[in-house]
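# Report on the structure
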Amino acid sequence: MRFIGRKTLLLDNIQAVIDEKAPGCETFCDIFSGTATVARHFKQWYQVYSNDLLYFSYVLQRATVELDKLPEFKGLREGLGILDPIDYFNAMSVEDMEVLPSRRRFFQNTYAPMGGRMYMNDANALRVDFARNQVEDWKNEGYISEGEYYYLVACVVEGIPFVSNISGTYGAYNKTWDRRSYKQYQLYRLPVVENAKENRSFNRDGVELLRELSGHILYVDPPYNERQYLPNYHVLETGARYDFPEVKGVTAQRSYGEEKSDFCVRGKALEAFDRLMENADFEHIILSYSTDGLMKVNDIEDVMKSHGRPDTFQIYYFPYRRYKSRSLTMEEELKELLVYIRK
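One structure accompanies this document, and this report is about it. This is a predicted model, so every value here is computed, not measured.

## Let's talk about the overall build of the chain
Along its length, the chain carries 14 helices and nine strands. Compactness check: the chain gives a C-alpha radius of gyration of 21 Å against a globular reference of 20 Å for 343 residues, within 12% of the reference. Dimensions of the chain, computed from the C-alpha atoms along their principal axes, are close to 65 × 50 × 30 Å. When each of the 343 residues of the chain is scored for burial, the buried share is 54%.

Have a look at this one:
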């Protein structure tokens, strides 16, 4: 899944810091989990806590972090004769899905040409609508368990970006059809790592949640800039919730008042980070950040040293692209940071 700040390319670096600074630990907390890439990776070795304020992130976490094995879908098999619901949905024709009443087609009526927008084509929007409605019906009728429900919803959501007519985020759709838009939408079968541990996932404000958690390693990957995440991923949020929200504007934005993060607000980010560090009852803390973030490196250092052991503080720099400064007269190097301290 394409996602702002996704840490796939940084996994080896995070692991190297842990191997150096925190060997032999048993618990790992990913407090701003996003697509759950980091939490899933470290689930191989640790009991994992994951969290995010976005509900679609929580759904992905429930499916791949808290769930510890692939669902068997016994209820669907015995009750409806459906051996594999993902294959069932992906093999259906659009004609078979036309039985879905218009009033239940939120994606087609909102995000597709039928609704006057171009986030995806009408056929793919109907495929999303049909799968989400059917999964809700199966849950309400008792054919699937809670874990199976979250897994299927996550597979629905994970498939949406592969056919979305966007440049990078859902802040706007393209005015002409992108090549991926012509692909047929399919549910994406998510892998599940089994670790036989009591992994937990949350949909909470991370700073406040830390008052209730404790462990060995805390990984902190907050937003870097002033772009709130929900406006950029509102289609995925609605795909996860499927709550028929009131939307506004050309881009069909949903309301996101309660999901705003202080880490995206200049003047509030550093204060929020200070509260996070104060609440964190974890032995090892690793922050992922960027040199062009709202918090300055020297301020990050001051906050972390005020709540941890100053002699253990260390910054690891990883250059990852070049950009031109606003003056357009000099080239600067943008760096990803991993910042470690022992609490």
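Text resumes after the structure shown.
## Observations regarding the environment of Leu 70
For Leu 70, the location among the structural elements is in the loop between α3 (55-66) and α4 (74-80). Exposure remark for Leu 70: the relative accessible area of 44% places this residue in the partly exposed category. When the C-alpha atoms of Leu 70 and Val 193 are compared, they prove to be 8.6 Å apart, with 123 residues separating the residues in sequence. Among residues more than four places away in sequence, those in contact with Leu 70 are Tyr 151, Leu 190 and Val 192.

## Brief notes about unusual backbone geometry
Glycine aside, residues mostly have negative phi, and peptide bonds are mostly found in the trans state. Of note, the phi angle at Ala 36 is positive, near 70°, even though the residue is not glycine. Relative to the elements of secondary structure, Ala 36 occurs in the loop between β1 (27-30) and α2 (37-42). Within the chain, Phe 244 stands out as a residue other than glycine whose phi angle is a positive 50°. If you trace the backbone, Phe 244 turns up in the loop between α12 (234-241) and β5 (247-248).

## Section: the pattern of salt bridges
Going through the model one piece at a time under the given rule, you end up with 20 salt bridges. Close ionic contact of Arg 62 with Glu 66 constitutes a salt bridge, the shortest N to O distance being 3.6 Å. With Arg 62 and Glu 66 both in helix α3, this residue pair falls four residues apart, about one helical turn. Accessibility expressed as a relative area gives 11% for Arg 62, which makes it buried. For Glu 66, a relative accessible area of 26% gives the class partly exposed. The partner of Arg 132 in a salt bridge is Glu 136, with the nearest N and O atoms 3.0 Å apart. Here Arg 132 and its partner Glu 136 are both found in helix α8 (residues 122-140), four residues apart, which amounts to about one turn of the helix. The class of Arg 132 is buried, set by a relative accessible area of 0%.

## A few points about the side chain of Glu 336
Counting through the fold element by element, Glu 336 comes out in strand β9 (residues 331-342). The class for Glu 336 is buried, based on a relative accessible area of 7%. In terms of polar contacts, Glu 336 uses its side chain to reach the side chain of Tyr 224, at 2.5 Å.

## A short note on the packing of aromatic side chains
Tallied over the entire structure, the rule returns 24 aromatic pairs. Within the aromatic cluster, the residues linked to one another by ring pairs are Phe 106, Phe 107, Tyr 111, Tyr 119, Tyr 170, Tyr 173, Tyr 242 and Phe 244. One Lys or Arg, Lys 139, reaches over the ring of Tyr 149 and ends 4.4 Å from the middle of that ring. Here the basic side chain of Lys 175 rests over the ring of Tyr 173, its NZ or CZ set 5.0 Å away from the ring centre.

## Describing α3
Of all 12 residues in α3, 11 are buried; the element is thus mostly enclosed. Each element contacted by the buried residues of α3 is listed here: α2, β2 (47-51), α9 (146-159), β3 (200-202) and α12.

## Here we look at the environment of Glu 158
Relative to the assigned elements, Glu 158 resides in helix α9. When its relative accessible area of 5% is taken as the criterion, Glu 158 is described as buried. In this structure the C-alpha to C-alpha distance between Glu 158 and Gly 239, which are 81 residues apart in sequence, comes to 9.6 Å.

The rules behind these values
Residues numbered from 1 in each chain as written. Predicted model: local features only at pLDDT ≥ 70, side-chain atom pairs only at ≥ 80, totals over all residues. Heavy atoms only, no water. Helix = DSSP H or I, 4+ residues; strand = E, 2+ residues; numbered from the N terminus. Rg over C-alpha atoms; globule rule 2.2 N^0.38 Å. Buried < 20%, exposed > 50% of the residue type's maximum accessible area, 1.4 Å probe, protein only. Contact = heavy atoms within 4.5 Å. Salt bridge = Lys/Arg side-chain N within 4 Å of Asp/Glu carboxyl O. Polar contact = N/O pair within 3.5 Å; in protein donor to acceptor, adjacent residues only side chain to side chain. Phe/Tyr/Trp six-rings, centres within 6.5 Å; stacked < 30°, edge-to-face > 60°. Lys NZ or Arg CZ within 6 Å of the ring centre and 35° of its normal.

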